[in-house]
Amino acid sequence: MGPHPAVAAIRLAVRRVLHDILTDHNRHSRTTGERAGGRMGARLVRPIGDIPEQTPNERTPSPLVLVACSGGADSMALASALAFEAPKLGIRAGGITVDHGLQAGSDLRAEEVAVRLRELGLDPVESITVTVGRDGGPEAAARDARYAALDAALERHGGAAILLGHTRDDQAETVLLGLARGSGIRSLSGMAAVSGADGRYRRPFLQLDRQTARKACMVQSLPVWDDPHNADPAYTRSRLRHEGLPALEKALGKGVVEALARTAQLSRDDADALDTWASQAEASVRDAAGLLECAKLYALPPAVRRRILRRAAIEAGAPAGSLFARHIEEVDRLITGWRGQGAINLPGKVVAQRQGGRLVIRQG
């Protein structure tokens, strides 16, 4: 008799991602080996028959994959699936839990999670305490601190990737939050299955609902912790989860979460295509000095032009997280609605202004 359907579903999702990580790891190892071999070949040429077999110590070490675990149902289900699947593929598996220090007893809870990860057989396991700032609000500040800690842990342990337990429900919430901000199609694309530097973050559960993860924990008798912040109406995502989405499903019927997740994927495909177009078009709208030419920008479709403007603002020093659609719209008017208006102030003390048919974006 096989595992419970919920357990089988989470394991299959993790297995697929681990296969991808292993393929990427092997490809990178081969490329590195070929480069090294090419350099050696200039100094030493040995007949093929004389090449010795690799000893176990010379073989490419197996990749290390970490799971970010808060102790909640989603991440505990992910940790259990990683612990089960990784050894079968020859992959080392570890776990990281982050203590944000925002609740009484959070340090003890983090240590409990670390113990559970070790009991699953994960190694290395680390509990990391972070200091949460105030920039962008409590949710954004906690997220920034968490990802900084995860990045550092991956580098410290020499890991290949970190698995995150975001589910289809989380994806639907992210799409709705992006829609409320009016930030454009990129916000509607939600979370990517692969993100971060070198594709270090992987989200195996974006096609699975939250209930599947919880069920998998229950049938495996895995203890889970329900973060009270997830039910606190002071947080926007919590209100959306407990009030907004249920209201939408009541008004529109079941299937809203699935439809929003599907919208995220379609939006991501479109946004990726437009980003590629903008990247290719950017060189054609700059003069010999590298300045943006307003006439050439004007001739581009708005979606492409605004992407070029956004990229230019970020390169000039504007923080991407603080650069909103309204900022880019104001800069765009220097191209499409030029009436002699003055400079536009952007986040990060960046200034955009039109000078002699050129758009100049620089630190003020």
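Look above for the structure.
Because the structure is a prediction, the values reported are computed rather than measured.

Colleague: I'd like a rundown of the side chain of R241, residues and numbers included.
Modeller: Along the chain, the position of R241 falls in helix α8 (residues 236–252). Within the structure, the side chain of R241 is placed 2.9 Å from the side chain of E173, a separation counted as a polar contact. Those residues in contact with R241 that lie beyond four places of it in its chain are D170, E173, R210, N230 and P246.

Colleague: I'd like to hear about the environment of A352, residue by residue, with values.
Modeller: Inspection of the secondary structure puts A352 in strand β9 (residues 350–355). Its relative accessible area of 0% is what places A352 among the buried residues. A352 has contacts with V331, L334, A343, I344, L346, V360 and I361, leaving out every residue within four places of it along the chain.

Colleague: Outline helix α11 (residues 302–315), listing residues and values.
Modeller: With 14 residues, α11 extends 20 Å between its outermost C-alpha atoms, agreeing within 8% with the 20 Å of an ideal straight helix rising 1.5 Å per residue. Buried residues of α11: V304, R305, R307, I308, L309, A312 and A313, and no others. Count one or two residues on from α11 and you reach G317, which has phi positive near 120°.

Colleague: Could you give an account of the pattern of salt bridges, with specific residues and numbers?
Modeller: Counted according to the given criterion, the structure contains 27 salt bridges. Notably, a salt bridge pairs E173 with R237, separated by 3.1 Å at the nearest N-O pair. Of this pair, E173 sits in helix α5 (residues 168–181) while R237 sits in helix α8, placing them 64 residues apart in sequence. The class of E173 is buried, set by a relative accessible area of 0%. In this structure, the salt-bridge partner of R358 is E293, at a minimum N-O distance of 3.9 Å. Taken together, the residues R358 in strand β10 (residues 358–363) and E293 in strand β7 (residues 292–293) connect sequence positions 65 residues apart. Taken together, the shared-partner salt bridges connect D170, E173, R210, R237 and R241 into one network.

Colleague: Residues and numbers for the pairing of β10, please.
Modeller: For β7 and β10, the ladder comprises 2 bridges, and the chain directions are antiparallel. Looking across to β10, one finds that E293 is bridged to R358.

Colleague: Summarise the packing of aromatic side chains; cite the residues concerned and give the values.
Modeller: For the structure on display, the rule yields 1 aromatic pair. A ring pair is formed by Y147 and Y201, whose centres lie 5.1 Å apart and whose planes are at 85°; its orientation type is edge-to-face. On the criterion of sequence distance, the pair formed by Y147 in helix α4 (residues 138–157) and Y201 in strand β6 (residues 201–202) is long-range, its members being 54 residues apart. Using a relative accessible area of 19% as the deciding quantity, one classes Y147 as buried. Overall, Y201 belongs to the buried group, its relative accessible area being 4%. Sitting over the ring of F84, R11 keeps its end group 3.5 Å from the ring centre.

Cut-offs applied
Residues numbered from 1 in each chain as written. Predicted model: local features only at pLDDT ≥ 70, side-chain atom pairs only at ≥ 80, totals over all residues. Heavy atoms only, no water. Helix = DSSP H or I, 4+ residues; strand = E, 2+ residues; numbered from the N terminus. Polar contact = N/O pair within 3.5 Å; in protein donor to acceptor, adjacent residues only side chain to side chain. Contact = heavy atoms within 4.5 Å. Buried < 20%, exposed > 50% of the residue type's maximum accessible area, 1.4 Å probe, protein only. Expected span 1.5 Å × (residues − 1). Salt bridge = Lys/Arg side-chain N within 4 Å of Asp/Glu carboxyl O. Pairing = 2+ DSSP bridges. Phe/Tyr/Trp six-rings, centres within 6.5 Å; stacked < 30°, edge-to-face > 60°. Lys NZ or Arg CZ within 6 Å of the ring centre and 35° of its normal.

Remember that the coordinates give geometry; whether it matters functionally is a separate question.
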